[in-house]
Amino acid sequence: MALALGELECLTDELKFWNGIEWLNMSLRKVTKARGSFPNDEAVFKLLFLALRNIAKKWTMPVHDWKAALNRFAIVYENRLPVE
């Protein structure tokens, strides 16, 4: 099945988005794995909050055509993604 040019561009945008999510997940796993164990849930949340703050400083790439990707996700995952 051949994809139209517009569909191919949309899929490319979605892949860029998912690569960003995978990068974020990898960064958070790296932080929690290095720590090992936690005394309570609050310690985990605090570590993840601080890690996200540091990760956000490194995030320099703007999200290209985010609105189109968000609209596509709203169609594919209609009940799971609230659109405002």
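These lines cover the structure that appears in this document, whether it is placed above or below. (Residues numbered from 1 in each chain as written. Predicted model: local features only at pLDDT ≥ 70, side-chain atom pairs only at ≥ 80, totals over all residues. Heavy atoms only, no water.)

1. Details of the overall build of the chain
So, step 1. Looking only at helices and strands, the chain features 3 helices and 0 strands.
So, step 2. Ordering the α and β elements of the chain from the N terminus gives α-α-α.
So, step 3. When burial is assessed residue by residue, the chain has 14% of its 84 residues classed as buried.
So, step 4. The long-range fraction of contacts in the chain, counting pairs at least 24 apart against all pairs at least 6 apart in sequence, stands at 53%.
So, step 5. When the accessible area of the chain is evaluated, it comes to approximately 7,200 Å², of which 61% is carbon and sulfur surface. (Helix = DSSP H or I, 4+ residues; strand = E, 2+ residues; numbered from the N terminus. Buried < 20%, exposed > 50% of the residue type's maximum accessible area, 1.4 Å probe, protein only. Contact = heavy atoms within 4.5 Å. Areas by Shrake-Rupley, 256 points an atom, 1.4 Å probe, with all protein chains shown as cover.)

2. Quick word on the side chain of Ser27
So, step 1. Within the element layout of this structure, Ser27 appears in helix α1 (residues 5-35).
So, step 2. Relative accessible area serves as the criterion here: at 14%, Ser27 is assigned to the buried category.
So, step 3. A polar side-chain atom of Ser27 sits 2.9 Å from the main-chain carbonyl oxygen of Trp23. (Polar contact = N/O pair within 3.5 Å; in protein donor to acceptor, adjacent residues only side chain to side chain.)

3. Quick word on the environment of Leu48
So, step 1. Positionally, Leu48 belongs in helix α2 (residues 41-58).
So, step 2. For the pair formed by Leu48 and Arg29, sequence separation is 19 residues and the distance between their alpha carbons is 9.5 Å.

4. Side note on the layout of surface pockets
So, step 1. Counted as a void, the second largest pocket has a volume near 160 Å³.
So, step 2. Forming the boundary of the second largest pocket are Trp23, Met26, Ser27, Lys30, Val31, Ala51, Asn54, Ile55 and Lys58.
So, step 3. Listed by contribution, the elements that provide at least two residues to the lining of the second largest pocket are α1 and α2. (1 Å grid on protein atoms, 1.4 Å probe; cavity = no way out; pocket = protein on both sides within 12 Å on 5 of 7 lines; lining within 4 Å. Points joined across faces, edges and corners; volume = space filled by probe spheres on them.)

5. Some remarks on α2
So, step 1. The end-to-end C-alpha distance of α2 is 26 Å, a good match for the 26 Å that 18 residues give at a rise of 1.5 Å each.
So, step 2. For α2, the N-terminal cap is Asn40; the gap from its side-chain oxygen to the backbone nitrogen of Glu42 is 3.3 Å. (Expected span 1.5 Å × (residues − 1).)

6. Description of a nonpolar patch on the surface
So, step 1. Side chains of Trp18, Ile75, Val76 and Tyr77 sit close together on the surface and give an oily, nonpolar patch of about 390 Å² of accessible area.
So, step 2. Residue placement: Ile75 occurs in helix α3 (residues 66-76). (Patch = residues over 30% accessible without salt bridge, like charges linked within 9 Å, V, L, I, M, F, W, Y side chains within 5 Å. Salt bridge = Lys/Arg side-chain N within 4 Å of Asp/Glu carboxyl O.)

7. Let's talk about α3
So, step 1. Inspection of α3 places Ala69, Leu70, Phe73 and Ala74 among the buried residues, and these make up the whole buried set. One side of α3 holds all its buried residues, which, seen down the axis, span an arc of 140°. Exposed residues pointing more than 90 degrees away from the buried face of α3 are listed as Lys67 and Ile75. (Arc of directions from axis to C-beta.)

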